[in-house]
Every structure is written in structure tokens, then in C-alpha cells.
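Structural description and commentary
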Amino acid sequence: MSLTSDPPLARTPAEPEDYGALKVVPVRHPWRWAAVVVTAVLLAQFVHGLATNAGWEWEVFAEFFTAEVVLKAVWVTLQLTVYGTALGFALGIVLAFMRLSASPFLKAVAFAYIWAFRSIPLIVQLLFWFNLAYLYKELQFGIPFGPGFFSFDTMGLVGAMSAAVLGLALHQAAYAAEIVRGGVLSVDGGQLEAAAALGIPRLRQIRRIVLPQAMRSILPNAANEVISLFKGTSIVSVMAIGELFYQVQVIYGRNGRVVPLLMVATAWYILLTTALSVIQHYVERHFAKGSTR
């Protein structure tokens, strides 16, 4: 008869009685600090170059930054942005709900519009609307395919500014439609079913349930489009409209100070884009009320 003994119990290290006595060693990030140092040196060199390089001609920049002709050009740029955004998103909302409708015909028309205006370069669209009088001497209103009651001369009706606003708005509508459609689709469909079960009218469902929630998805992309449109107004310089970039080109074409005049346009674009970004922040914060994020 053999006697067996139990295996020895494994010894566990003694646990410290006071955790406060432990020495806490922070994680070292040497490469992070190296990246910070390199970035700081590059930024310091860039700022030093801006301050000391005579080629920037800051005195010329200061002279023209608040010049009357430049301020008028900034106002024209803001007008193009506001009109293009308002008309573009108004039409974009209509196109978005056409794509979301149950009608195959409305879906097809909206899809064709978005496909066409996203495919054609903006400069081509602007030049087309600018030369509309070449194709249509006048516009008649009356019975379709029948006699007209009154007409308008397109040469006097669609000028350079009108053609620019029309081209920017129609171009913007194609992108706005997809932004709005994506925001509406982000809302849970079960909420609409619950609203319909409660007897809430369809229009009120969209206005009080869908759009307030969809705005959180729509706003960031919509703000990007507005900022892109604001900078994209420089393309209307091909139509000899006195917006910011065109006016800067005219000035440095006369005095030959290309770099400081370009910096004038750059500074105004940065300043106004920053203002739009601040507005975007507060609008997003308004529609994010009640969110846990």
C-alpha cells in the first residue's frame, strides 16, 4: 500500500498591501516628440520666410487688401455664393425627393439630371449659359407646342451675372440632391411607420421628423459644398465678372505685383472660409441637441 501526497501548492507572489506605493512609469513616446520637434522647426522656418523674404511684398499686400475695388469684388463673390447656394439647394431638395419617390418616371428624370450636371465640367456649363442667346434668341411662354402669349429677349434677360448664378445653381443642385437624399436615408424608416400609424400627415412627417434628424448628416457635407462653391466662384472669371480672383488678375496685370495680389485673394478666401466654418459649427451644434455624442 503506497501513500501519495498532494502536490505542493504553487506559491503566489505576495500582493502589496498599499497600491499607492507602486511606482507609475508613464509610457515613453520618443518618436512622437521627434515628430513634434521636426514639425515645429518647419513651421518656424515657414513663418520666418514669410516675414523676411522681400518677394512677398507685404506693403503692397496691405495697400490692396482693403482697396475699394477689392472689397467690391469680395461682395460680388459673396453674392454669387449666396444665390448659387440658395437656388442650388432649393432645387436639390426637389430632386432628392424625386429620387426618393415611388414614381419611376420622376426617379429617372432626377437621376438623369444629377448624372448630366455632375458629368459636365462647371466651366463648360457656365460658358453654355453665357452663350444661351446664340441658341435661343427669345423665350416664349404660352401653350406647349402651340402659340406663345408673350416672349423675352434672351440677350437682355440672361446677362453675365445671371448666367453665372444660373450655372452655379444648376451645378450645385446636382450635388445638393445627393447630400439631401443621403441624409434622408440615414433616418430610421421605423420612425416614419410609427408616425403614419399615429395618423401624422406625410408633409408633417418630413418637416418635423425626417428633416430635423437628417440635418445632422446633411450639414457637414452641405457646408463642404458651400465652401467649395465659394472658392469655385473664381471660375466665373472666364466670363469677365468682377469677382475677387478676376479683379486681382486685373490689378496685377497692370502693376506686375503678382505674388502680393495673389496673397490678397488668398487671405480673403481664408478669412471668409473661416467665417463659414464658424457658422457651420454653431448650426451643427443646434441640430445636435439631445445627442449623446
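Since the structure is predicted, the reported quantities are computational estimates derived from the model, not experimental observations. (Residues numbered from 1 in each chain as written. Predicted model: local features only at pLDDT ≥ 70, side-chain atom pairs only at ≥ 80, totals over all residues. Heavy atoms only, no water.)

**Remarks on the side chain of S101**
- Considering the arrangement of structural elements, one finds S101 in the loop between α3 (68-100) and α4 (104-119).
- A distance of 2.7 Å separates the side chain of S101 from the backbone oxygen of M98, its partner in a polar contact.
- What S101 contacts, discounting residues up to four positions off in sequence, is L106 and K107. (Helix = DSSP H or I, 4+ residues; strand = E, 2+ residues; numbered from the N terminus. Polar contact = N/O pair within 3.5 Å; in protein donor to acceptor, adjacent residues only side chain to side chain. Contact = heavy atoms within 4.5 Å.)

**Considerations on the environment of L106**
- Mapped onto the elements, L106 comes out in helix α4.
- Sequence-wise, L106 and L95 are eleven residues apart; in three dimensions their C-alpha atoms are separated by 8.7 Å.
- If we skip the residues at most four places from it in the chain, L106 touches M98 and S101.

**Observations concerning the confidence of the model for the protein**
- Of the residues in the protein, 87% have a pLDDT of 70 or more, and the chain-wide mean is 82.
- Summarising per-element confidence for the protein, the mean pLDDT is lowest in helix α7 (residues 154-157) (66) and highest in α4 (93). (pLDDT = per-residue confidence, 0-100.)

**Points about the nonpolar core**
- Judged by nonpolar contacts, the single largest core of 24 residues is most densely connected at L80, L95, Y113, L168, V236 and M239.
- If you list the elements that add at least two residues to this core, you get α3, α4, α5 (122-130) and α8 (160-185).
- The element best represented in this core is α8, accounting for eight residues.
- Contacts of L168, omitting those with residues within four sequence positions, involve L80, L122, L126, L229, T233 and V236.
- Grouped together as the second largest cluster of nonpolar side chains are 17 residues, F61, F64, V74 and L261 included. (Core = buried A, V, L, I, M, F, W, Y, C linked by side-chain atoms within 4.5 Å. Buried < 20%, exposed > 50% of the residue type's maximum accessible area, 1.4 Å probe, protein only.)

**Quick look at the pattern of salt bridges**
- For the coordinates displayed, the defined rule picks out four salt bridges.
- For E68, the salt bridge identified is with K72, shortest N-O distance 3.4 Å. With E68 and K72 both in helix α3, this residue pair falls four residues apart, about one helical turn.
- A residue is classified by how much of its surface remains accessible, and K72, at 53% relative accessible area, is exposed.
- Between R181 and E178 there is a salt bridge, with its nearest N and O atoms 3.0 Å apart. Of the two residues, R181 and E178 both sit in helix α8, three residues apart, roughly one turn of that helix. (Salt bridge = Lys/Arg side-chain N within 4 Å of Asp/Glu carboxyl O.)

**What about the side chain of E243?**
- Assignment of secondary structure puts E243 in the loop between α10 (202-232) and α11 (244-255).
- Among buried charged residues, E243 stands out as having no salt bridge; its nearest opposite-charge side chain is K231, 13 Å away.
- Polar contacts involving the side chain of E243 include one to the main-chain amide nitrogen of F245, which spans 3.0 Å.
- Among the polar contacts made by the side chain of E243, one reaches the main-chain amide nitrogen of Y246 at a distance of 2.7 Å.
- Residues within four places of E243 in sequence aside, it is in contact with A73, V76, T77, L80, T233, S234, V236, S237 and Y269. (Lys, Arg positive; Asp, Glu negative; His and termini not counted.)

**What to know about unusual backbone geometry**
- The phi torsion at E57 lies on the positive side, around 50°, for a residue other than glycine.
- Looking at the element boundaries, E57 is found in the loop between α1 (30-52) and α2 (58-65).

**Regarding the packing of aromatic side chains**
- Overall, the coordinates contain seven aromatic pairs when judged by the stated rule.
- Relative to F117, the ring of Y113 has its centre 4.3 Å away and its plane inclined at 25°; by these criteria the two rings are stacked. Here Y113 and its partner F117 are both found in helix α4, four residues apart, which amounts to about one turn of the helix.
- On the accessibility criterion, F117 (16% relative accessible area) is buried.
- In textbook terms, an aromatic cluster arises when at least three aromatic residues are bridged by ring pairs, as seen for W56, W58, F61, F65 and W268. (Phe/Tyr/Trp six-rings, centres within 6.5 Å; stacked < 30°, edge-to-face > 60°.)

**Some remarks on a nonpolar patch on the surface**
- Where nonpolar side chains cluster on the molecular surface, the patch consists of I120, I123, V124, L127 and V238 and spans about 360 Å² of accessible area.
- A residue is classified by how much of its surface remains accessible, and V238, at 43% relative accessible area, is partly exposed. (Patch = residues over 30% accessible without salt bridge, like charges linked within 9 Å, V, L, I, M, F, W, Y side chains within 5 Å. Areas by Shrake-Rupley, 256 points an atom, 1.4 Å probe, with all protein chains shown as cover.)

**What about the packing of α4 against α8?**
- Between α4 and α8, the least distance of the axes is 9 Å, while the angle of their chain directions is 125°. The orientation of α4 with respect to α8, classified from their angle, is oblique. The chirality of how α4 crosses α8 is left-handed. For the pair α4 and α8, contact is made by Y113, I114, F117 and R118 and by L170, H171, A173, A174, Y175, A177 and E178, respectively.
- A class-by-class count of the residues in the contact of α4 with α8 yields eight nonpolar, one polar and two charged. (Axes fitted to C-alpha atoms, helices over the stretch in contact; angles between N-to-C directions. Parallel < 35°, antiparallel > 145°, perpendicular 65-115°, else oblique. Left-handed = near helix turned anticlockwise from the far one by under 90°. Nonpolar A, V, L, I, M, F, W, Y, C, P; charged D, E, K, R; others polar.)

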